[in-house]
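Observations on chain architecture
The chain contents come next:
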Amino acid sequence: MIRRLPLVIWLLAVWVGLWGNLSAANVASGLAVAVALVAVFPFPVPQTRTMTVRPLRALVFVMFFAWKLVQASAVVAWEVVTPRNRIREAIVAVPIHGVSDTLSTIVANLITLTPGTLTLELAHEPPVLYVHVLHTRSIEGVRRDVQRLERIVTRTFGSAAAQRMIEGGAPK
Amino acid sequence: MTGLDIVASVLVLSGVALTVTAAIGLHRFPDVFARMHAASKPASLGLALTLIGTALALGGADNVTKLLLVIAFQLITAPIAAHMVGRAAYRAGTELSSDTTKDELADAPDTQLDP
Amino acid sequence: MNIVTAIALGAVTFAALLALARLFRPGSLADRVVALDTLLTTAVVGIAIYSARIGDGVYLDVLLVTSLVAFVGTVTMARYIERRGA
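Residues numbered from 1 in each chain as written. Chains lettered and ligands numbered in written order. Predicted model: local features only at pLDDT ≥ 70, side-chain atom pairs only at ≥ 80, totals over all residues.

1. Observations concerning the overall build of chain C
A tally of regular secondary structure across chain C gives three helices and zero strands. Ordering the α and β elements of chain C from the N terminus gives α-α-α. C-alpha extents for chain C along the principal axes are approximately 50 × 25 × 10 Å. Across the 86 residues of chain C, 47% fall into the buried class. The contacts in chain C between residues at least 6 apart in sequence include a share of 56% that link residues at least 24 apart. (Helix = DSSP H or I, 4+ residues; strand = E, 2+ residues; numbered from the N terminus. Buried ≥ 20, exposed ≤ 12 C-beta atoms within 10 Å, placed from the backbone. Contact = placed C-beta atoms within 7 Å.)

2. Points about the overall build of chain A
Scanning chain A from N- to C-terminus turns up six helices and three strands. Reading chain A from its N terminus to its C terminus gives the helix and strand order α-α-α-β-α-β-β-α-α. Residue burial in chain A is summarised as follows: out of 172 residues, 35% are buried. A separation threshold of at least 6 residues defines the contact pool for chain A, and within that pool the share at least 24 residues apart is 69%.

3. A closer look at the interface of chain B and chain A
Tallying the contact residues gives 41 residues for chain B and 36 residues for chain A. In terms of residue class, the side of chain B that touches chain A is built from 19 nonpolar, 12 polar and 10 charged. (Nonpolar A, V, L, I, M, F, W, Y, C, P; charged D, E, K, R; others polar.)

4. A closer look at the interface of chain B and chain C
Each partner contributes residues to the interface: chain B has 45 residues there, and chain C has 42 residues. Of the residues in the side of chain B that touches chain C, the class split is 27 nonpolar, 13 polar and five charged.

5. Considering the domain arrangement of chain A
Each assigned domain of chain A is listed with its residue range as follows: domain 1 (2-40) and domain 2 (55-165). Relative placement of domain 1 of chain A and domain 2 of chain A: their C-alpha centres are 33 Å apart. (Domains from an automatic or database assignment.)

6. Things to note about the packing of helix α2 (residues 32-58) of chain B against helix α3 (residues 61-91) of chain B
Residues and elements named next belong to chain B. Close contact between α2 and α3 brings their axes to 9 Å; oriented N to C, the two are set at 180 degrees. One way to sum up the angle between α2 and α3 is to call them roughly antiparallel. Taken together, the residues that form the contact of α2 with α3 break down as 19 nonpolar, six polar and no charged. (Axes fitted to C-alpha atoms, helices over the stretch in contact; angles between N-to-C directions. Parallel < 35°, antiparallel > 145°, perpendicular 65-115°, else oblique.)

7. What about the nonpolar core?
Membership of the largest hydrophobic core comes to 99 residues, with the highest contact counts inside it found for A:L129, A:V131, B:L26, B:L51, B:V85 and C:A30. The leading source of residues in this core is α2(B), at 17 residues. (Core = buried A, V, L, I, M, F, W, Y, C linked by C-beta atoms within 7 Å.)

8. Comments concerning the pairing of strand β2 (residues 117-123) of chain A
All names here are of chain A. Burial within β2 is extensive, with seven of its seven residues counted as buried. For β2 and strand β3 (residues 128-133), the ladder comprises six bridges, and the chain directions are antiparallel. Note that in β3 the partner of T119 across the bridge is V131. The hairpin turn running from β2 into β3, its antiparallel successor, is four residues long. (Pairing = 2+ DSSP bridges.)

9. Some remarks on the environment of B:A78
Residues and elements named next belong to chain B. Relative to the elements of secondary structure, A78 occurs in helix α3. Classification of A78 as buried rests on a count of 26 C-beta atoms within 10 Å. Sequence separation between A78 and F33 is 45 residues, and the spatial gap between their C-alpha atoms is 15 Å. Not counting chain neighbours up to four residues away, the residues in contact with A78 comprise S40 and S44.

10. Some details on the pairing of β3(A)
Residue and element names in this part refer to chain A. Within β3, six of the six residues are buried, leaving the element largely enclosed by the surrounding structure. In β3, alternate side chains face the same way, and those of V128, Y130 and H132 on one face and L129, V131 and V133 on the other are all buried. Where strand β1 (residues 90-95) meets β3, six bridges bridge the pair, whose relative direction is antiparallel. Bridging across to β3, A93 finds its partner in Y130.

11. Notes on helix α1 (residues 5-19) of chain A
The end-to-end C-alpha distance of α1(A), which contains 15 residues, comes to 21 Å, matching closely the 21 Å that a straight helix rising 1.5 Å per residue would cover. Phi for A:G20, located one or two positions after α1(A), is positive at around 95 degrees. (Expected span 1.5 Å × (residues − 1).)

12. Here we look at the confidence of the model for chain C
Confidence in the prediction for chain C averages 90 pLDDT; 99% of positions are at 70 or higher. Both scores are given for the predicted complex: the pTM is 0.87, the ipTM 0.88. (pLDDT = per-residue confidence, 0-100.)

13. Points about the environment of B:A72
Residues and elements named next belong to chain B. Residue placement: A72 occurs in helix α3. Overall, the presence of 13 C-beta atoms within 10 Å leaves A72 in the partly exposed class. When the C-alpha atoms of A72 and A48 are compared, they prove to be 8.5 Å apart, with 24 residues separating the residues in sequence.

14. As for the packing of helix α1 (residues 3-28) of chain B against α2(B)
Residues and elements named next belong to chain B. Where α1 meets α2, the axes come as close as 7 Å, and the angle between the chain directions of the two elements is 160 degrees. Overall, the two elements α1 and α2 adopt an arrangement that is roughly antiparallel. Where α1 crosses over α2, the handedness of that crossing is left-handed. (Left-handed = near helix turned anticlockwise from the far one by under 90°.)

15. Some details on α2(B)
Every α-helix winds through 3.6 residues per turn, so residues three or four apart in the chain are directed the same way. With 27 residues, α2(B) should cover 39 Å at 1.5 Å per step; its first-to-last C-alpha distance of 38 Å lies within 8% of that length. Of all 27 residues in α2(B), 27 are buried; the element is thus mostly enclosed.

Structural data, given as structure tokens:
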């Protein structure tokens with residue numbers, strides 16, 4: 001139960017945010033609802049073994065994420081507006097380290113928001129990420145970009161054990 | 001118009017422009033997967049920009065909190081929704097467009113993927 | 001500000017009509033799901049602009065609910081497509 005505390009705090013924050021003002025009644029009712037929900041529904045427990053909190057790097061990561069989103073939208077908007085069709089689609093298999101489910105999920109989400117890529121499948125044994133690309137210039141280039149993203153995510157959110165796991169390149 | 005109004009207007013107009021781009025992209029792109037690119041990325045950014053502009057125009061702590069919540073929710077869930085629809089469309093055997101150069105997912109052994 | 005919101009609402013209406021047209025165009029079920037998701041996102045943008053226009057935050061709760069419903073609906077349809085084919 002105590003491991004779900006961050007989730008309870010997050011639910012409480014959302015509840016209070018939706019009610020608009022920080023009053024005792026709101027906080028009390030929010031706490032009751034949050035605790036009841038967490039007790040009744042089986043939420044997945046966060047994998048603390050492979051994740052650590054690094055506020056400064058997380059902030060840099062958020063800004064990187066926002067910049068990638070702007071780039072991605074610009075690429076799509078450019079493709080929509082220009083008359084010549086430059087779309088060369090491909091589905092690329094990228095072998096990744098696959099340290100933990102949570103980190104892989106963050107990487108998959110980030111890839112979907114990166115210019116021109118969309119996560120299609122995440123295989124487990126061996127850990128491979130299948131990515132659909134819109135403008136393919138080179139397949140190896142796509143693989144390198146995705147692996148670079150995985151390194152960035154692991155360096156931002158991964159614990160020391162996770163970081164040791166990603167030393168060196170990926171197989172296949 | 002005050003300075004804040006000008007900033008809010010710029011944000012709202014650029015957000016709306018991106019949303020229109022997403023809608024046009026739905027028609028122009030040749031393939032379901034390409035359309036998913038169009039539907040997730042500019043639409044999310046357009047929504048974020050417009051809502052920030054609205055937050056600046058409205059003011060008030062409760063309004064701003066609610067709008068920020070919607071932005072956070074959209075940015076977290078839009079990629080997930082796009083991925084799930086893409087995965088489902090692929091598994092259901094949707095045809096890829098004729099421009100596709102390589103499909104490496106077709107070679108994947110079936111034991112690897114989640115049910 | 002009012003002129004800006006008027007232009008913005010006009011553009012959002014155009015985008016919504018485009019998304020709606022995509023819903024009716026012949027294509028797979030996945031196409032229609034994507035079109036519906038875009039339509040709902042455009043609706044959220046439209047409601048936000050309208051709230052800015054009237055200067056009252058009454059309709060902001062609608063935004064959150066619409067986003068939630070759009071997400072849950074899209075994911076549910078995705079699971080249906082996986083099982084039944086597009």
